[in-house]
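Examining the three-dimensional arrangement
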Amino acid sequence: MIPRTAAPVRDALPRYRRAVDLDEALHLLSRGGWTPLAGGTDFYPARVGRPVRESLLDLGSIEALRGIELTRDAEGSEVLRIGAATTWSTIARALPGARLLALRQAAREIGGVQVQNRATIGGNLCHASPAADGVAVLLALEARLELASVRGRRRLAVDEFVLGARRTALEPDELLVAIEVPSGSSRARCGFLKLGHRHSLVISIAMVAVSLDFDASDRLERCAIAVGACSPAAVRLRALEAKLLGTSRSALAHRFEALLAGEGALLASEALLAGEVLAPLQPIDDVRATATYRRHAAVELARRLVAELALDDTPSAARFADESASGAPLAATGVALRFRVNGRERTIASPASARLSDCLRDELGLTGTKVGCHAGDCGACTVLLDGQAVCSCIVAVGQCAGREVLTVEALAQAAPGSIEQALRRSFVDNGAAQCGICTPGMLMAAVDVLRRHPRPTPEQVVDGLGGVLCRCTGYRKIIEAVLSAAGVDATAPALPLAPASPVASTPVGAAVGARVPRLDAQDKVDGLARYGADVAPADACWLKVLRSPHAAARFAYGDLDAFVAAHPGLLGVVTACDIPFNRFAIFPDLRDQPAIAEGVVRTLGEALLVLVGEREAVEAIELRDAPVHLTAQPALASPREALGGGARALHDSHPDNVLCRGRVARGDVDAAIAAAAVSIDATMRTRHIEHAYIEPEAGYAQWSRTDDGVERVTIFACTQTPYMDRSELASMFALDPSQVRIVPSAVGGGFGGKLDVSIQPLLAAAARRFGRPARIVYTRPESMASTTKRHPARMQATIAADADGRMLAYRFEGEFDTGAYASWGPTVANRVPIHASGPYRVAHVRALTRAVYTNGPIGGAFRGFGVPQSTLLNETLVDRLAERLGVDPLEYRFEHALRAGDRTATGQRLQASAGLQACLAALRPAWRDARARAEAFNAQAAATQRTPTPSTPVQGARAAAVGTRASEVVVADRASSDPHRRYAHARRRGVGVACMWYGIGNTVIANPSSMQAGLRADGRVVL
Ligand SMILES: Cc1cc2nc3c(=O)[nH]c(=O)nc-3n(C[C@H](O)[C@H](O)[C@H](O)COP(=O)(O)OP(=O)(O)OC[C@H]3O[C@@H](n4cnc5c(N)ncnc54)[C@H](O)[C@@H]3O)c2cc1C
Ligand code: FES
Ligand code: FES
């Protein structure tokens, strides 16, 4: 059982109040100490891993803050008034007309359905993120914001309200009450485009909202171009707007293009980018896009939108009367904390500000609802709140008072023949539940989709499931499962299902060519599978790890006893001293990684101190509160720096920072390349990749004694390698392996990332030190910061062929960044050379690798141990070689594929598993067909570009007439503000083929496996 949260002290700090009306809310705010809570979709993600300390003023019952109506503002002008607490899904549904298209387009792009159902327009403005869609759109629409306090009301323009990144003009006693959007003339039009993949919930790279209004002679008399995500707050490009004003509608697109360097330029000129026009933009450089790219993207989005809107002849008269709507009324204010869960009335003890997901799991024991991030990102926690899909991790328990919550546990109780039962069955039959951690969230989102669309299109399914991430299935099986539950034909004909009978009684051969239901699928579908965070003894204490904010540092502890004494609820701390041999590794002879650092930090996020105590108490403590005195040092950020002369050694055992080398050589590669008819060189760099499994590391440990007094530790945890965990734990705690019992939980995704020890020694040390079971659940940021990644590689290679095109030689060198500790570095360094030349017959090969220590994240196992990185380079070179030789890339690979009887570069003669030629032969018809289809598509797209189809919303003839590149104003999906969908016509298709080979086994360490067989008295064999 999971321990229950302590009995609540209602209205003790932090308080939670749902205001009856605006007056009460303003009165409370005037007394100070309250934080308004609207949808909570910005509030809760900002507090991952921390208890809520604010007193929350729930705005959910204030009628005056909700709804959309056509009215007149204080000056008598017609405006659309939107209550600040109106949700984005209400806005998306309530604005069917063209006038506020931009706002509706933005509403559809805020997170997934679950977020849109909760998130409000007012919260978006008040949070004032640089990437807030609402800020950019309302800036372009020249909206005015009404603020209220007991002192009175005031109205501000958007740029008077939003002052910078997360800074607004809102006073602590004020509420944002409403947003007023001027109606504009019947010739006004607006649009919104956002670059960033919504279905991956990616924060936008750039977004642009444009609003244009024309006078009676069709000249531009008002123009607003607002850019978001490219500066601390969305900004208007006023210099550009001024250059466009007065231009006739038909010449507008042309005029915009004339501002760019030269007719036909695809991207904005450097002159424009550097000039006054874009001066307000100050984009950031990060992993998603460079600053330059963002500036280019902003100009390009603006150019497309202006062209599209100018050429759009769709009538856009302001018809608000039929657009007004109001949100569904909430339950009455002041009700006790009671709500219905799965049809049962429940009185809740959790604090009202607690996350609904935690209340469901920890208080009600409904652990079918999973938690992957606590931030609204992964959707694993999706439940239905009054029938709407929401992320329960960002809904306050108080917001559910008087409402109905439905979790995955309810689906099994649904009536036979219901969509809930159909979905349960279909998920099992279609193999949609793999690791299963996303399955409950997927199912609840699917229930929501099918209730809204009983016969959904694939797009509706994709849209409805968009807020739930899956790292295992590639989504296809899930989409097929939902479609087939609805009786809609899924794309691929389903294979017959193997009989669901016990294996022993399945007729021989029945499973061949059939889908085999996974043994544990039903439990996963029903929310019954137990993952690391789902089980813990009731008396378990809670762990929190304080981690290094520096990649390289030295540190010392201050007075730990005084620190513990000053923090009620903190039982104590665990340091390296509590682990007898504080080193672990994958390779027993390379044990270099401490579970808790000992005065030296070698990588960001390394554990410095472990807090042990009551959950709320330890979660409230930050690193700055603890007596850990850190001195940062310069970090060796890359193998280049670590290998440079005089670089500091990370480990005394490896003074040159080279963990190990790998080498495979056959023939005389240099001579072969020198004599070759064709040779091609390439270099390539790859970066860290996070496994991003949905389930963060979690589990518990407890110590016991056997009857004869032998100490024993049991660890329940999500792990991919229980036996390796057992060896390492035995070594660290000076135990015999038989004294360590690892109980693996269901694993919510691992992909190699849960092969290394992570939480296990921390749990064991805490449980032993305090004589109580100890449990931990990593937060999402902590999981990402502290666990292994795919090794970044810097590689160079040369491929060479003779005059007949025969592949002759392959020369490869690669440095693999193994980070601060060895982990699986030796496997990567040794496995890559074996595979570097690919599954091809090559006479001369030399492949050299080095795994290099740096202060970077620890390089670990990630599907393929470095081979995917080297394959990228190898296959790129094979393609280039085929291109240079003028031969079909598939046929070239077929010619050179290793066959049975061939020797690999290491001299191994392949006898079996040499089926590459057969694979390529089987692929040949599909390859030819796909190439032909891509060519036809591209020819068609090019023709569309030249002669736009009149049926598209933008009149092709007009586009051609004004000299605009029509392809970019042909709109494929007008409702979408995602440029990839909206301009699908401008896309081109390509077809590629790549081969990879991969020898299984542990390469440089023993890979033992054993099995015991016994014979029962009745003659049956037991394995
Ligand atoms: C997975 C995910 C994806 C997201 N994607 C996007 C996206 O694509 N684009 C985007 O713009 N945003 C996105 N967001 C952010 C968020 O959903 C929006 O900004 C949303 O509109 C915030 O509204 P809320 O009601 O949830 O605000 P809350 O979280 O309730 O409040 C946010 C802040 O505003 C204050 N506040 C709220 N209402 C008022 C009011 N009326 N008066 C005074 N103060 C108030 C609160 O005190 C709090 O400080 C995403 C969030 C998540 C979790
Ligand atoms: S969205 Fe709630 S746990 Fe990830
Ligand atoms: S099955 Fe979806 S995350 Fe594993």
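Computed from a predicted structure; not experimentally measured.

Topic: the overall build of the chain
- Helices and strands together make up the secondary structure of the chain, namely 30 helices and 36 strands.
- Going through the 1023 residues of the chain one by one, you find that 56% of them count as buried.
- The long-range share in the chain, meaning contacts at least 24 apart out of those at least 6 apart in sequence, stands at 72%.
- Summed over all atoms, the accessible surface of the chain reaches about 41,700 Å², with 53% contributed by carbon and sulfur.

A short note on the sheet that holds strand β12 (residues 206-214)
- Strand order in this open sheet of four strands is β11-β12-β13-β14, and the pairing throughout is antiparallel. In the strand order of this sheet, the two ends are held by β11 (189-195) and β14 (235-236), each with one partner.
- Of the pairings in the sheet, the one linking strand β13 (residues 220-228) to β14 comprises two bridges and is antiparallel in character. Across the sheet, the residue bridging to alanine 226 is arginine 236, located in β14.

Concerning helix α11 (residues 291-311)
- Here α11 spans 30 Å end to end across 21 residues, near enough to the 30 Å set by a 1.5 Å rise per residue.
- Counting buried residues in α11 gives 19 out of 21 residues, a clear majority hidden from the surface.

Observations concerning the pairing of strand β24 (residues 607-613)
- Among the seven residues in β24, seven count as buried, and that is most of the element.
- Alignment of strand β20 (residues 541-547) against β24, held across six bridges, turns out to be antiparallel. What sits directly across from leucine 543, in β24, is valine 612.
- As judged from the four bridges shared by strand β22 (residues 570-574) and β24, these two strands associate in the antiparallel manner. Directly across from leucine 570, in β24, lies its bridge partner glycine 613.

Focus on empty space enclosed by the protein
- What the rule picks out here adds up to five cavities of 30 Å³ or more.
- Its volume calculated, the largest cavity comes out at about 330 Å³.
- Around the largest cavity sit 23 residues that line it, and Arg547, Phe584, Gln593, Ser786 and Ile858 are the ones nearest its centre.
- Split by residue class, the lining of the largest cavity holds twelve nonpolar, eight polar and three charged.

Considering the site of ligand 1
- Taken together, 32 residues form the shell around ligand 1, and within it Pro36, Gly39, Thr41, Asp42 and Thr120 come nearest.
- The backbone of proline 36 places a nitrogen or oxygen atom 2.5 Å from an oxygen atom of ligand 1.
- Contact distances for ligand 1 include 2.8 Å between an oxygen atom and a backbone N or O atom of phenylalanine 43.
- Relative to its free-state accessible area of 980 Å², ligand 1 is covered by the protein chains to the extent of 89%.
- Counting residues per element, the ones that place at least two in the shell around ligand 1 are β2 (34-37), α5 (121-127) and β10 (175-182).
- Of the residues forming the shell around ligand 1, the biggest block, four residues, is contributed by α5.
- Of the residues contributing to the shell around ligand 1, the split by class is 17 nonpolar, ten polar and five charged.

Quick word on helix α9 (residues 252-259)
- Those residues of α9 that sit buried are Leu252, Ala253, Phe256 and Glu257. Each buried residue of α9 sits inside an arc of 135 degrees when the element is viewed along its axis, so together they form one side.
- Buried residues along α9 sit against β12, β13, α8 (238-244) and α11.

Observations concerning unusual backbone geometry
- Positioned with a positive phi, glutamate 142 is a non-glycine residue whose angle comes to about 50 degrees.
- Within the secondary structure, glutamate 142 is located in the loop between α6 (133-140) and β6 (144-149).
- Residue class for glutamate 142 comes out partly exposed when judged on its relative accessible area of 29%.
- Of note, the phi angle at aspartate 218 is positive, near 65 degrees, even though the residue is not glycine.
- Tracing the backbone through its elements, the reader meets aspartate 218 in the loop between β12 and β13.

Section: the nonpolar core
- Within the largest apolar cluster, 55 residues are counted, with the highest numbers of intra-cluster contacts made by Ile799, Met807, Tyr810, Phe812, Leu873, Leu877 and Leu881.
- What leucine 881 contacts, discounting residues up to four positions off in sequence, is Val678, Ile680, Ile799, Ala801, Met807 and Tyr892.
- Grouped together as the second largest cluster of nonpolar side chains are 47 residues, Leu103, Leu141, Val181 and Ala229 included.

Digging into the packing of aromatic side chains
- Enumeration over the complete set of coordinates arrives at six aromatic pairs.
- On the basis of an interplanar angle of 80 degrees and a centroid distance of 5.1 Å, the ring pair of phenylalanine 43 and tyrosine 44 is categorised as edge-to-face.
- An angle of 25 degrees between the planes, with centres 5.5 Å apart, marks the rings of tyrosine 700 and phenylalanine 716 as stacked. A residue pair is termed long-range when its members are at least 10 positions apart, and tyrosine 700 in strand β28 (residues 698-705) and phenylalanine 716 in strand β29 (residues 711-717) qualify at 16 residues.
- The buried category is assigned to phenylalanine 716, whose relative accessible area is 9%.

Some details on the sheet that holds strand β16 (residues 344-347)
- Strand order in the open sheet made by the five strands is β16-β15-β19-β17-β18, with mixed pairing throughout. The open sheet has two edge strands with one neighbour each: β16 and β18 (388-391). Strand-to-strand twist in this sheet, taken as the mean axis angle between neighbours without regard to direction, amounts to 35 degrees.
- Here helix α12 (residues 356-363) sits on the sheet in contact with β15 (338-341), β16, β17 (382-385) and β19 (404-406), set at roughly 70 degrees to β15.

A short note on the pattern of salt bridges
- Tallied over the full model, the rule gives 56 salt bridges.
- Across the pair glutamate 146 and arginine 153 runs a salt bridge whose closest N-O atoms are separated by 2.4 Å.
- For glutamate 146, a relative accessible area of 9% translates into the label buried.
- The salt bridge involving arginine 288 is made with aspartate 286; its shortest N-O contact spans 2.8 Å.
- On the basis of relative accessible area, arginine 288 is assigned to the partly exposed category, the value being 35%.

With respect to the packing of helix α26 (residues 867-885) against helix α27 (residues 889-896)
- Interhelical geometry of α26 versus α27 gives an angle of 110 degrees and a closest axis separation of 9 Å. Put simply, α26 runs roughly perpendicular to α27. When α26 is examined against α27, the residues Glu875, Val878, Asp879, Leu881, Ala882 and Leu885 are found in contact with a partner set consisting of Pro889, Tyr892 and Arg893.

Considerations on the side chain of serine 745
- Among the structural elements, serine 745 can be located in the loop between β30 (740-744) and α23 (760-770).
- We classify serine 745 as buried; its relative accessible area is 8%.
- At 3.3 Å, the side chain of serine 745 forms a polar contact with the backbone nitrogen of glycine 532.
- Contact partners of serine 745, with chain neighbours within four places excluded, come to Arg530, Tyr531, Gly532, Glu695, Phe716, Ala717 and Cys718.

Digging into the environment of glutamate 782
- Secondary-structure assignment places glutamate 782 in helix α24 (residues 780-786).
- Judged by relative accessible area, which is 12%, glutamate 782 ranks as buried.
- Separated by 237 residues in sequence, glutamate 782 and valine 545 have C-alpha atoms that sit 8.8 Å apart.
- Excluding its chain neighbours within four sequence positions, the residues that come into contact with glutamate 782 are Val545, Arg547 and Val777.

Quick notes on the side chain of serine 548
- The topology assignment puts serine 548 in the loop between β20 and β21 (553-557).
- Once residues within four sequence positions are removed from consideration, serine 548 is found in contact with Val601, Thr603, Leu604, Gly605, Glu606, Leu608 and Leu630.

What about the packing of helix α15 (residues 458-465) against helix α16 (residues 476-485)?
- Closest axis-to-axis distance for the α15/α16 pair is 10 Å, and the angle between their directions is 120 degrees. Here α15 and α16 pass one another in a crossing that is right-handed. Contact residues: α15 offers Pro458, Val461, Val462 and Leu465, while α16 offers Ile478, Ile479, Val482 and Leu483.

Concerning the pairing of β10
- Within β10, seven of the eight residues are buried, which leaves the element mostly enclosed by the surrounding structure.
- Here β6 pairs with β10 via five bridges, running antiparallel. Counted as the bridge partner of leucine 147 is leucine 176 from β10.

Definitions and cut-offs
Residues numbered from 1 in each chain as written. Chains lettered and ligands numbered in written order. Predicted model: local features only at pLDDT ≥ 70, side-chain atom pairs only at ≥ 80, totals over all residues. Heavy atoms only, no water. Helix = DSSP H or I, 4+ residues; strand = E, 2+ residues; numbered from the N terminus. Buried < 20%, exposed > 50% of the residue type's maximum accessible area, 1.4 Å probe, protein only. Contact = heavy atoms within 4.5 Å. Areas by Shrake-Rupley, 256 points an atom, 1.4 Å probe, with all protein chains shown as cover. Pairing = 2+ DSSP bridges. Expected span 1.5 Å × (residues − 1). 1 Å grid on protein atoms, 1.4 Å probe; cavity = no way out; pocket = protein on both sides within 12 Å on 5 of 7 lines; lining within 4 Å. Points joined across faces, edges and corners; volume = space filled by probe spheres on them. Nonpolar A, V, L, I, M, F, W, Y, C, P; charged D, E, K, R; others polar. Near = heavy atom within 4 Å. Polar contact = N/O pair within 3.5 Å; in protein donor to acceptor, adjacent residues only side chain to side chain. Arc of directions from axis to C-beta. Core = buried A, V, L, I, M, F, W, Y, C linked by side-chain atoms within 4.5 Å. Phe/Tyr/Trp six-rings, centres within 6.5 Å; stacked < 30°, edge-to-face > 60°. Axes fitted to C-alpha atoms, helices over the stretch in contact; angles between N-to-C directions. Salt bridge = Lys/Arg side-chain N within 4 Å of Asp/Glu carboxyl O. Parallel < 35°, antiparallel > 145°, perpendicular 65-115°, else oblique. Left-handed = near helix turned anticlockwise from the far one by under 90°.

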